[in-house]
Amino acid sequence: IVVALKQVSERSAATIVASTSRRTPAAIEQFLRQELQGYALCKMLIIANEHNPEGSIDALFHSSDLLVISGDSISMISEALGYGKYVFVFPLTRKKPHMVSKHERFVQLLENDGYLRVVGDAGIGNIIMDTWRRKPAVKTLPDSGRVIEALKRIL
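Everything numeric in this text was worked out from a predicted model, so none of it was measured.

### Some thoughts on the environment of F88
Item 1. As for its position among the elements, F88 is in strand 4 (residues 86-90).
Item 2. Spatially, the C-alpha atoms of F88 and I127 are 9.4 Å apart, while their sequence positions differ by 39 residues.
Item 3. Once residues lying within four places of it in the same chain are set aside, the contact partners of F88 are L66, L67, V68, I69, R117, V119, I127, I128 and T131.

What follows is the structure, given as structure tokens:
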């Protein structure tokens, strides 16, 4: 995902701002440091376990034209959908390969309703570039009521 985002950034002269969560494993934090710290097109990298200024996610969401979020945080996805931006969600590896998690059902429901787009590492760059070129209308969740409805349907 990070490599693809860097390629999109280079092709489009877009900048990257990134943040981890407090639950991000140390190995992922280290990988992000290696890939993004010092990278000319990365304007900000927040490692939440080290420094997480209040309001940083709000600032990141406001300043971005599109948002790429991991599929493990229902609250982060829900919050992102209120900003009127293109939202792309990448799924994480299933802990139980034969079972679909409530997170996956939640994300799938929102994708089916046109609020976000699920992307994997294969082709993510092309999907983002195509979306940016076409600029389809953004469907925004106006309030948490829709999120609660969606959660009730999947739980």
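### Observations regarding the nonpolar core
Item 1. F61, I69, I77, L81, V87, L110 and L116 are the most contacted members of the largest nonpolar core, which has 19 residues in total.
Item 2. Of all the secondary-structure elements, those providing two or more residues to this core are helix 3 (56-63), strand 3 (66-70), helix 4 (74-80), strand 4 and helix 5 (102-112).
Item 3. Leave out the neighbours within four places in its chain, and L116 touches I77, L81, V87, V89, V107, L110 and E111.
Item 4. Membership of the second largest hydrophobic core comes to 10 residues, among which are A4, Y86, F90 and I127.

### A look at the pattern of salt bridges
Item 1. Per the counting criterion, the structure on display carries three salt bridges.
Item 2. With a closest N to O distance of 3.0 Å, K6 and E35 form a salt bridge. A residue pair is termed long-range when its members are at least 10 positions apart, and K6 in helix 1 (residues 2-12) and E35 in helix 2 (residues 26-36) qualify at 29 residues.
Item 3. The shortest N-O distance in the salt bridge between E50 and R33 comes to 2.2 Å. One end of the pair, E50, is in the loop between strand 2 (42-46) and helix 3; the other, R33, is in helix 2, with 17 residues separating them in the sequence.
Item 4. Judged by relative accessible area, which is 54%, E50 ranks as exposed.
Item 5. On the basis of relative accessible area, R33 is assigned to the buried category, the value being 18%.

Criteria and cut-off values
Within every chain, residues take consecutive numbers counted from 1 along the sequence as written. In keeping with the model being predicted, local features are shown solely for residues with a pLDDT of at least 70 and side-chain atom pairs are shown and tallied solely at 80 or more, while totals for entire chains, interfaces and linings include all residues. Hydrogens and waters are ignored; side-chain quantities use all the structure's heavy atoms. Numbering goes from the N terminus for both helices and strands, where a helix is a DSSP run of H or I of at least four residues and a strand is a run of E of at least two. We call two residues contacting when some pair of their heavy atoms lies within 4.5 Å. We call a set of buried Ala, Val, Leu, Ile, Met, Phe, Trp, Tyr and Cys residues a nonpolar core when their side-chain atoms join them within 4.5 Å. Throughout, exposure labels follow a simple rule: accessible area from a 1.4 Å probe, protein chains only, divided by the maximum for the residue type, with under 20% read as buried, over 50% as exposed, and the rest as partly exposed. Any carboxyl oxygen of Asp or Glu that lies within 4 Å of a side-chain nitrogen of Lys or Arg is treated as forming a salt bridge with it.

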